[in-house]
Structure formats: structure tokens, C-alpha cells
Amino acid sequence: MNVENEERNEEENLKKKRQREKPRRKTQGQIVQEALGLNPTDIQEVEKKLFIVRFLDFFSEDTLEFIFKERIMGQNLERMTSYMNILQLEREEEKLLKQSFDSKNIAGVIENVKNKAETFAASKGIKSNVNKRLRRLTLYITLPLFALLIVFTIFPIFSSLYFIFFPILCVVCLMPQLIRGSVVKKWSQFKEQNKNDIYIENRDDIMILKSFTGELLNNIRSRLIELEVPLQLIKFTLFSRDYENLNLLNQKAIRGFMQYFYTFEYPSGMEPFPIPENLQQYQEPIIPGKKVEKPEKNFIALTEMKGKDGVIDYFVPTLKDIVADQINTLLNECEFTKAPHDFKTIIPNYSETMAIYCICGEIVEIDNVQICNWKNQFKFYLFEAKECNCEESVYAVSLMDESAEVPEEFKDIFYS
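About the thresholds
Residues numbered from 1 in each chain as written. Predicted model: local features only at pLDDT ≥ 70, side-chain atom pairs only at ≥ 80, totals over all residues. Heavy atoms only, no water. Axes fitted to C-alpha atoms, helices over the stretch in contact; angles between N-to-C directions. Helix = DSSP H or I, 4+ residues; strand = E, 2+ residues; numbered from the N terminus. Parallel < 35°, antiparallel > 145°, perpendicular 65-115°, else oblique. Left-handed = near helix turned anticlockwise from the far one by under 90°. Contact = heavy atoms within 4.5 Å. Nonpolar A, V, L, I, M, F, W, Y, C, P; charged D, E, K, R; others polar. Buried < 20%, exposed > 50% of the residue type's maximum accessible area, 1.4 Å probe, protein only.

**A few points about the packing of helix H5 (residues 92-103) against helix H9 (residues 203-226)**
Phase 1: Between H5 and H9, the shortest axis-to-axis distance is 11 Å and the interhelical angle comes to 170°. If you check the angle between H5 and H9, you find them roughly antiparallel. As for the relative orientation of H5 and H9, their crossing is left-handed in sense. For the pair formed by H5 and H9, the contact residues are Glu93, Glu94, Leu97, Ser100 and Phe101 on the first element and Phe212, Glu215, Leu216, Asn219 and Ser222 on the second.
Phase 2: Classifying every residue of the contact of H5 with H9 by side-chain character gives four nonpolar, three polar and three charged.

Now the structure itself:
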């Protein structure tokens, strides 16, 4: 018996060790940065600007998706405005970009388009966002089910009626999923049917947003060229083809919208920057479903986290390649336990407007959540994503409570 226990304990220890060692690889971002000798702040600046680009493009193309979402919109606007306010204004291009952002009143234009879209939707009978409607409908279905369960549990006299109750239970359990599918389908149809009307009513404002998005893309491209970054290494996705100086790599349909995969185009007559030999694999275009050998891992931290008791209400995904070694060290000193709640419970607002992105621009799908315990002094989440279509994998770390005390040596990981 003692031998069996010892073998079992040894197996558990090996399993924990493998879990701790699993993420121990340099991120693709870290490899790119080291190979090109880039300043980490330059990479962060590009990421922040690309966030604004994706947000403005998504909002312009699918405005109705943002109606009646005050908190999410407020967070995105605050994040966008804060990014624009901390531009390195000693550079002339940054000054011009900030002047354009202010003179075009981009934040005000977004609010105006959103308000008009909400008024339009209300005139069609839609007065709340689809997620709230789904939660309300699910509640209406599950409450009677719980009432029946209580009745059957408290009053044994009804035990003989279980054969009647069981089919009802099966139907009721399926109802939320069926209703969800129906509501989502109708909502997608509503957006598709009224997309053109929203565009016509807000055409001038949407053109302002697209014009600034184009300026921002050109600003990013100019900065990358200034830093001599091979443009073919920077890949991202947008929902329109209204911008210049981009190379289209691929496209696919997502919920009635086309998603386009891009890299930046070199100026006419300019020779592409050479790609270091150890980065040649990242020159491959992003083709959904294509198999490419990429063993490196990305480390993301959910900075500016808002939430408590293990539920995350808001975050900013921040690439942490510069502190990848610290993250590895931290993980190797932790004990791991599977989170008691699923990912949807932990981050209930995970969506296109608040998500963790792969390097190819795809939103990652989280399939494993671990609670990491560092020396019984500090606990945090480790999120592991399913392998993306581009065969890149992502690991993300996050606080479990915004008021958590973070050890001084790990603050660079969890704060931006």
C-alpha cells in the first residue's frame, strides 16, 4: 500500500512539474524584439495604436453591435483617449496625429453615431443589448425549473411523478440553448437588414472615423519603417477594405461580415527590409487552416484589470514579451489547481470588444484556466488558449481581484 501511495505521489509531482514547465518558451514577440533590437516601448506603442484601429474599424462597420453597451463603450473610449493623450509628442507625426484626433473630435463623433444608432434601434422595438435580453430570457426559464426541483425534493408525495417530470426537465434544459440560438440569429438578421440604413444616416460621421483610422494606419507604417521593422512580420485583421497602403493576405466570413487579414505595404520603390534568419518562419502569410511549425508561445497580461472575487469585468490585454523570463520564473515557483469556475463565468464580457488576440489578429479561445499559488502568498489566474488557426498558442496571466497585493518583484508583469 505504501509503495502504491509513493508511486501515486510521484506521479502527481511529475504532473505538476510538467504543468509548471509547459509555458517555458520564449514568445514570438520576444524573439522578434531581440532579433531586431527593438525598444519595448516602441512595440507597446504599435500595439496600442492597432487597438484603436481595430476598434474604430469594427465600430464603423458594425455599429449596431455597440448599442446599449454603455460600460463597454465607456471603457473603449477611455482607453482610446488615454492612449492618444500619452503619445510621444516630441515627434512631428505624433503631434499631427493628436491634432487630427482632437480637431475631428473622434470621441464625440463615436458618441453621436452610437446615440443615433440606439434611437434607430429603439424605433424598431429594440431597447436593450442582446446579452441582457438573453440573460433575462434564461432567467425566466430556469426559475420555474428550480421551483419544480424544490417541490419534488421537499414533498416526497410527488416522487411517483418523476416519470412525468423527467421529460419536462429535458425540454427545459434544452430551452435556453434553443432560445439563445433563435435570439442570436434574429439579432444577426436585424443588423444585416439595417446595416445600410445606419450607414446612410451616419455617413459623414463614419467617413470621419474611417479617415482618422487611415491616418493612424499610415502613422503606424511610418513608425515601423523608421524602426526598420520588416512590415511583413506585422499582421492584423480588419472588417473593411477602405484603407490604403495595406497588403491583403486572406479573408473569411464571420457572422455575416468579412474579416480581412493584412500586413502593411512598403512604399513604392522601397526594398523590403531583410528578415533575420531566425524569423523567416513568420514571413508566411496568415492562411486559416494552414499548418506552420511555430513552437514559441505568447505571454499576455490582463492589465488594468477590474473585478473581484475571481470575476473579471474589464481588462487590457498587454503583450509581456519583455518580462517573459520573469513570468517563467513566477510560474515555475507556483502550485497549480484547476479553477472552480469555467472561463465564461470568470470573464463574462469576453467578446470582440474585450478579448485576448493572437498575433495573427484572431480572438483566442480559452480552454483551460488554472489558479497559480505562489508560495502561499499570492494567487493569480493562468489562461491557456486553444491553438490558433495559425498554430500560435497564447498564455495569459491575470489578477483574481483588483485589490490584490502583488509582490514588488512581479508588478512589471501585472501592471502596464
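**Examining unusual backbone geometry**
Among all residues except glycine, the phi angle is most often negative; among peptide bonds, the trans geometry is most common.
Phase 1: The phi dihedral of Asn245 is positive, around 65°, even though this residue is not glycine.
Phase 2: With respect to the helices, strands and loops of the structure, Asn245 is situated in the loop between strand E1 (235-238) and strand E2 (246-254).
Phase 3: Among the residues examined, Asn245 registers a relative accessible area of 22% and is labelled partly exposed.
Phase 4: Unusually for a residue other than glycine, Glu304 sits at a positive phi of about 55°.
Phase 5: Tracing the chain through its elements places Glu304 in strand E4 (residues 297-308).
Phase 6: Residue Glu304 is classed as partly exposed on the basis of its relative accessible area of 37%.

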